[in-house]
Amino acid sequence: MDLRIFTEPQQGASYDTLLTVAKATEDLGFDAFFRSDHYLAMGSADGLPGPTDAWITLAGLARETRRIRLGTLMTAGTFRLPGVLAIQVAQVDQMSGGRVELGIGAGWFEEEHRAYGIPFPKEKFARLEEQLAIVTGLWATEPGKTFSYDGTHYRLTDSPALAKPVDGKVPVLIGGHGATRTPRLAAQYADEFNIPFASVEDSERQFGRVKAAAETAGRAPDDLVYSNALVVCVGRDDAEVARRAAAIGREVDELKANGLAGSPAEVVDKIGRYGAIGASRIYLQVLDLHDLDHLELISAQVQSQLG
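Each value, and the rule that gives it
- Residues numbered from 1 in each chain as written.
- Predicted model: local features only at pLDDT ≥ 70, side-chain atom pairs only at ≥ 80, totals over all residues.
- Heavy atoms only, no water.
- Phe/Tyr/Trp six-rings, centres within 6.5 Å; stacked < 30°, edge-to-face > 60°.
- Buried < 20%, exposed > 50% of the residue type's maximum accessible area, 1.4 Å probe, protein only.
- Lys NZ or Arg CZ within 6 Å of the ring centre and 35° of its normal.
- Salt bridge = Lys/Arg side-chain N within 4 Å of Asp/Glu carboxyl O.
- Helix = DSSP H or I, 4+ residues; strand = E, 2+ residues; numbered from the N terminus.
- Contact = heavy atoms within 4.5 Å.
- Polar contact = N/O pair within 3.5 Å; in protein donor to acceptor, adjacent residues only side chain to side chain.
- Axes fitted to C-alpha atoms, helices over the stretch in contact; angles between N-to-C directions.
- Parallel < 35°, antiparallel > 145°, perpendicular 65-115°, else oblique.
- Left-handed = near helix turned anticlockwise from the far one by under 90°.
- Nonpolar A, V, L, I, M, F, W, Y, C, P; charged D, E, K, R; others polar.
- Pairing = 2+ DSSP bridges.
- Right-handed = clockwise from strand over helix to strand, strands pointing away.

Asker: Please clarify how the packing of aromatic side chains should be interpreted in this entry.
Answerer: A ring pair, where both rings are aromatic, is described by two values, the distance of the centres and the angle of the planes. This structure, assessed with the given rule, holds six aromatic pairs. Measuring from centroid to centroid gives 5.1 Å for Trp108 and Phe109, while their planes differ by 25°, and the two rings are stacked. Assessed through its relative accessible area of 10%, Phe109 is described here as buried. Three or more aromatic residues joined by ring pairs form one cluster here, namely Tyr39, Phe79 and Tyr116. It is Lys124 that lies over the ring of Phe120; its NZ or CZ is 4.2 Å from the centre.

Structure, rendered in structure tokens:
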């Protein structure tokens, strides 16, 4: 089971804070550092000192880390034109020596679009499908040849299809709870399917849909990696769990029901239940980015039991 650290910087984090967490992620043996792609804080958080751009952040981290993989859960398809996104991701991949992964979704948070003047189209899913065709098509185009695309929302004419990722392509993550279109899109384009903040039962049901869609598309279901994203709150004892829950404004019982919370043994047991239904990777949503002792505890007493 791979454990990856997943951050939500829009809630309040500077680049320096993210760099500190990314370096701890690497030093403590975790598999990857991922971040959300949002520009506006959610809930009661003030978001100070302000938003950081996902791909600018990852470019910086690409030069400051050496081993961990880097990526987004999820880049909003509404934020960037697909041709530009393909260049950005390929460049960051080059900067990292081939350690980048692209998680991409349709975009959903209308308020942040209004706040920063970003168009929020009605046909977001149709646009996402075209974006995936374009980004993957650009990367797959042989050097010296050109790529053209004539879609409803995007048109490219005789693109040189540069720059290229280090290994020719970047792993693509698609995720979500949708019962029909999301599994179909994952079967067609994804290297990994991720379901965020879902129970074991709901995850098993959604993984089954994706596997069925893969078979329908003529693809082996096991070609995809299946993963979960879950909030994490681990403590050596009940008091430490309660302190960490309070620090992120959550209740212990709710975290235990909907995330990975409790003692290391409790969290290892619950991760095992996700593993039993096919998940091989867990993105640990870490909400208090200043509590590095939390990461050390997870590394020493959770990750060490999942090797």
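Asker: Looking at this structure, how should I read the pattern of salt bridges?
Answerer: A side chain with one charge may pair with a side chain of the opposite charge, provided their charged atoms come close. A complete count under the given rule lists 24 salt bridges for this structure. Close ionic contact of Asp2 with Arg281 constitutes a salt bridge, the shortest N to O distance being 3.3 Å. Taken as a pair, Asp2 in strand E1 (residues 2–7) and Arg281 in strand E12 (residues 281–286) lie far apart in primary sequence, 279 residues in all. Residue classification places Asp2 among the partly exposed positions, given a relative accessible area of 29%. The class of Arg281 is buried, set by a relative accessible area of 12%. With a shortest N-O distance of 3.2 Å, Arg236 and Asp293 are connected by a salt bridge. Here Asp293 lies in helix H11 (residues 292–301) and Arg236 lies in the loop between strand E10 (225–234) and helix H8 (238–247), a separation of 57 residues in the sequence. A relative accessible area of 45% means that Arg236 is categorised as partly exposed. Salt bridges sharing partners connect three or more residues here, namely Arg236, Glu240, Arg243, Arg244, Asp291 and Asp293.

Asker: What's the story with the environment of Arg66 in this structure? I'm lost.
Answerer: Looking at the secondary structure, you find Arg66 in the loop between helix H2 (54–64) and strand E3 (69–72). If sequence neighbours within four positions are ignored, Arg66 has contacts with Glu26 and Arg99. At 3.1 Å, the side chain of Arg66 and the backbone oxygen of Arg63 are in polar contact.

Asker: How should the packing of H2 against helix H3 (residues 82–96) be read in this particular structure?
Answerer: Axis angle and axis distance: for two packed helices, these are the angle between their axes and the distance between the axes, and together they describe the pair. Two elements in contact, H2 and H3, have axes separated by 8 Å at closest approach and are oriented at 15°. As summarised for this structure, H2 and H3 are arranged roughly parallel, according to the angle between their axes. Pair H2 / H3 crosses with left-handed handedness. From H2, Trp55, Leu58, Ala59, Ala62 and Arg63 reach across to H3, where they touch Leu85, Val89, Val92, Met95 and Ser96. For the contact of H2 with H3, the residue count by class is eight nonpolar, one polar and one charged.

Asker: Explanation requested: the pairing of E1 in the structure shown.
Answerer: Every other side chain in a regular strand lies on the same face of the sheet, so the side chains alternate between the two faces. Among the six residues in E1, five count as buried, and that is most of the element. Examined bridge by bridge, E1 and E12 share six bridges and lie parallel to one another. Across the sheet, residue Ile5 finds its bridge partner in E12, namely Leu284. Each parallel crossover has a hand, and the one from E1 via helix H1 (residues 15–27) to strand E2 (residues 32–35) is right-handed.

Asker: I'm lost on unusual backbone geometry in this one. Help?
Answerer: A negative phi angle characterises most non-glycine residues, just as the trans form characterises most peptide bonds. Residue Pro49 is reached from Leu48 by a cis peptide bond, and omega for that bond is 10°. Within the fold, Pro49 resides in the loop between E2 and H2. Cis geometry marks the peptide bond from Leu162 to Ala163; its omega dihedral reads 10°. Mapped onto the elements, Ala163 comes out in the loop between strand E7 (155–159) and strand E8 (172–175). In the Ramachandran plot, Asp158 falls in the positive-phi region, its phi being about 50° despite a non-glycine side chain.

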